[in-house]
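Tertiary structure, described
Listed here are the chains, written in short residue letters.
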Amino acid sequence: MNLLGRSLLDIPDLRPEEVLFLIEEALKLKAFESSQKEQVLPQASGKSVALLFFEPSTRTRTSFQMAAYRLGLRVLKLEAVGSSHQKGETIFDTARNVEALSPHAMVIRHGGSGVPGQISKLLKIPVINAGDGFHAHPTQALLDAFTIRESFPQLRGLHVLIIGDIAHSRVARSNIHCLRGFGAQITVCAPPTLVPPLATEWGVRVTSRLDEELPKADVVMALRMQTERQSTFQVPSIKEYTSRFGLTDERLGKIAKHAIIMHPGPVNRGIEMTSAVLEDPRCKVLEQVHNGVLMRAVLLSEILGVPRGKNL
Ligand code: CP
């Protein structure tokens, strides 16, 4: 497996065996982590990573940061607010100027689909896409595949139900790419206005009958309602959305005992899922966040050639 010096812009940048390798390594890190009584301070690796977040983020930004600390990387952080972006500098010029500071890799989140890809063509260092517009969120798909793999012996044949705002979701696109590649059967369940017209070409089933689908699913993944990306609100009301597509207390009973419940976050509590769902033992939302640190640590260590293991 050789990810050294490579960019990760979308899931197809990785061969299936590379995704499996990353998952297996993250599983090993987790086993190692649980065997340690306390974290060992990392040795400085002499390498650095720049985190450019030009859209809000809690989980992705902090987990890249934590992953970098665990590998002994120096972290350079830049956000749109407070940067010269506010004075009119383009993201492309910003990225080239940050590269001139000599980080060894750049992690980028941006609201424009394809921006990390365009930046990667301008830079010599590897670029990791931390979420771009509607397009892709490959590290979320990797950590989700890792989280699913922790609960099931294999991804092949699993019934994965993805609920909600498919149209605006880079998480849905990257997860569908990743999980279909391993033979998972994917159903998307959403109001027709929140399903892109070409969704059936992704090789997924499309339905709007949530109550029929819930008992059949091994993995129930709710997505955030991305009202900031919806040009006009695409459901009659949030109340109606929740009554038809929300994971409510009543719907918990319809989810199989062996199934797991996921959400990439941030959760609109009471809209996509209720507090009772978030507290249910089948719910992996916080496990996904924890797994994000481990998966991103494996990825950064492979791309930068930094050893891991003794640093956890
Ligand atoms: N899942 C995810 O991308 O969350 P953040 O927007 O908080 O990073």
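Quick note: structure is the one above.
Residues numbered from 1 in each chain as written. Predicted model: local features only at pLDDT ≥ 70, side-chain atom pairs only at ≥ 80, totals over all residues. Heavy atoms only, no water.

1. Structural notes on the site of the ligand
Using the following cut-off: Consider each residue's heavy atoms; a residue with any of them within 4 Å of a molecule or strand counts as near. Distance and chemistry together define a polar contact, namely a pair of N or O atoms within 3.5 Å, with one atom able to donate a hydrogen and the other to accept it when in protein, and with adjacent residues in sequence counting only for side-chain atoms on both sides. Only the protein chains shown count as cover for residues, and all accessible areas are computed by the Shrake-Rupley method using a 1.4 Å probe. Cavities and pockets are found on a 1 Å grid laid over the protein atoms alone: a cavity is a set of points where a 1.4 Å probe fits but cannot escape, a pocket is an open set with protein on both sides within 12 Å along at least five of seven lines, and a lining residue has an atom within 4 Å of such a point. Each molecule is assigned to a cavity or pocket provided more than half of its atoms lie within 2 Å of the corresponding grid points. Gly is placed with the polar residues, together with every amino acid not listed as nonpolar (Ala, Val, Leu, Ile, Met, Phe, Trp, Tyr, Cys and Pro) or charged (Asp, Glu, Lys and Arg). In this entry, domain limits derive from an automatic or database-based domain assignment.
Inspection of the region around the ligand gives Ser57, Thr58, Arg59, Thr60, Arg109, His137, Gln140, Pro264 and Gly265 as its neighbouring residues. Between the ligand and Thr58, the relevant distance is 2.8 Å, taken from an oxygen atom to a main-chain nitrogen or oxygen of the residue. At 2.8 Å, a backbone N or O of Pro264 approaches a nitrogen atom of the ligand. Starting from 250 Å² of accessible surface for the ligand in isolation, the protein chains cover 92%. At a threshold of 2 Å from the grid points, most atoms of the ligand map onto the largest pocket. When its residues are assigned to classes, the shell around the ligand shows 1 nonpolar, 6 polar and 2 charged. Two domains each put at least three residues into the shell around the ligand: domain 1 (11–133 + 289–304) and domain 2 (138–281).

2. Concerning the sheet that holds strand 4 (residues 127–132)
To keep it simple, the criterion reads: DSSP-based pairing: two strands are paired if at least 2 bridges between them are found. In this text, helices come from DSSP runs of H or I with a minimum length of four residues, and strands from runs of E with a minimum of two, each type numbered from the N-terminal end. To get an axis, a line is fitted to the C-alpha atoms, and for a helix only the part in contact is used. The angle between two axes follows their N-to-C directions and goes from 0 to 180 degrees. Here, two residues are considered to be in contact whenever any of their heavy atoms come within 4.5 Å of each other.
Strand order across the open sheet formed by 4 strands is 2-1-3-4, with parallel pairing between neighbours. Looking at which strands have only one partner, the edges of the open sheet turn out to be strand 2 (74–79) and strand 4. Within this sheet the neighbouring strands show an average axis-to-axis angle of 15 degrees, counted without direction. Taken together, the 4 bridges between strand 3 (residues 105–110) and strand 4 define a ladder with parallel strand orientation. Directly across from Ile108, in strand 4, lies its bridge partner Asn129. Of the strands in this sheet, strand 1 (48–53), strand 2, strand 3 and strand 4 touch helix 2 (residues 59–70), which is tilted by about 175 degrees from strand 1.

3. Topic: the packing of helix 2 against helix 11 (residues 285–304)
To be explicit about the condition: Here the angle decides the label: under 35 degrees means roughly parallel, over 145 means roughly antiparallel, 65 to 115 means roughly perpendicular, and every other value means oblique. With the far helix as reference, a near helix turned anticlockwise by less than a right angle produces a left-handed crossing, and one turned clockwise produces a right-handed crossing.
Interaxial distance between helix 2 and helix 11 falls to 8 Å at its minimum, and their mutual angle equals 55 degrees. In terms of orientation, helix 2 and helix 11 fall into the oblique class. In the crossing of helix 2 with helix 11, the sense of the turn from one axis to the other is right-handed. In this structure, helix 2 uses Arg59, Thr60, Ser63, Phe64, Met66, Ala67, Ala68 and Arg70 to contact helix 11, whose residues at the interface are Val289, Gly292, Val293, Leu294, Arg296, Ala297 and Leu300. Its residues assigned to classes, the contact of helix 2 with helix 11 shows 9 nonpolar, 3 polar and 3 charged.

4. Digging into the pairing of strand 8 (residues 219–222)
Quick note on the threshold: Partly exposed residues are those whose accessible area sits between 20% and 50% of the maximum for their type, while under 20% is buried and over 50% is exposed, using a 1.4 Å probe and protein chains only.
Residues Val219 and Met221 line one face of strand 8 and the alternating positions Val220 and Ala222 line the opposite face, and both faces are buried. Across 4 bridges, the pairing between strand 5 (residues 159–163) and strand 8 is parallel. Within strand 8, the position partnered with Val160 by the bridge is Val219. Pairing geometry for strand 8 and strand 9 (residues 260–262), over 3 bridges, is parallel. Looking at strand 9, one finds that Val219 is bridged to Ile260.

5. Concerning empty space enclosed by the protein
For clarity, the threshold we go by: Grid points are joined across faces, edges and corners, and a volume is the space filled by probe spheres set on the points.
What the rule picks out here adds up to 2 cavities of 30 Å³ or more. Reported here for the largest cavity is a volume of approximately 60 Å³. Lining the largest cavity are Arg59, Thr60, Ser63, Gln140, Leu143, Pro264, Gln288, Val289, Gly292 and Arg296. Residue assignment for the lining of the largest cavity shows that the elements contributing at least two residues are helix 2, helix 5 (138–151) and helix 11. When residues in the lining of the largest cavity are grouped by element, the largest group, 4 residues, is from helix 11. Counting only domains with at least three residues in the lining of the largest cavity, you end up with domain 1 (11–133 + 289–304) and domain 2 (138–281). Its volume calculated, the second largest cavity comes out at about 30 Å³. Lining the second largest cavity, in full, are Leu3, Arg6, Ser7, Leu8, Leu14, Leu299 and Ile303. By residue class, the composition of the lining of the second largest cavity is 5 nonpolar, 1 polar and 1 charged.

6. So, unusual backbone geometry
Here the bond from Gly265 into Pro266 is cis, since omega is -10 degrees, no more than 30 degrees from zero. We note that Ser102 has phi near 75 degrees; this positive angle belongs to a residue other than glycine. Relative to the helices and strands, Ser102 is located in the loop between helix 3 (91–99) and strand 3.

7. Points about the nonpolar core
For the record, the criterion: Side-chain atoms within 4.5 Å link the members of a nonpolar core, which is a set of buried Ala, Val, Leu, Ile, Met, Phe, Trp, Tyr and Cys residues.
Core analysis: the biggest nonpolar cluster contains 62 residues, and Ile148, Ile162 and Leu300 have the highest contact counts within it. Sorting elements by how many residues they give to this core places helix 11 first, with 9 residues. Two domains each donate at least three residues to this core, and these are domain 1 (11–133 + 289–304) and domain 2 (138–281). Ignoring anything within four residues of it in the chain, the contact list for Ile162 reads Ala172, Ile176, Ile186, Thr187, Val188, Cys189, Met221 and Leu223. Core analysis: the next-biggest nonpolar cluster, separate from the first, contains 24 residues, Val220, Tyr241, Ala256 and Ile261 among them.

8. Here we look at the layout of surface pockets
Of the pockets and cavities examined, the largest pocket occupies roughly 370 Å³. In terms of lining, the largest pocket is formed by 20 residues, of which the most central are Arg109, Arg170, Arg224, Gly265 and Pro266. Counting residues per element, the ones that place at least two in the lining of the largest pocket are helix 2 and helix 6 (170–181). Summarising the domain contributions, the lining of the largest pocket has at least three residues from each of domain 1 (11–133 + 289–304) and domain 2 (138–281). Counted as a void, the second largest pocket has a volume near 210 Å³. Elements with a minimum of two residues in the lining of the second largest pocket: helix 10 (275–279) and helix 11.

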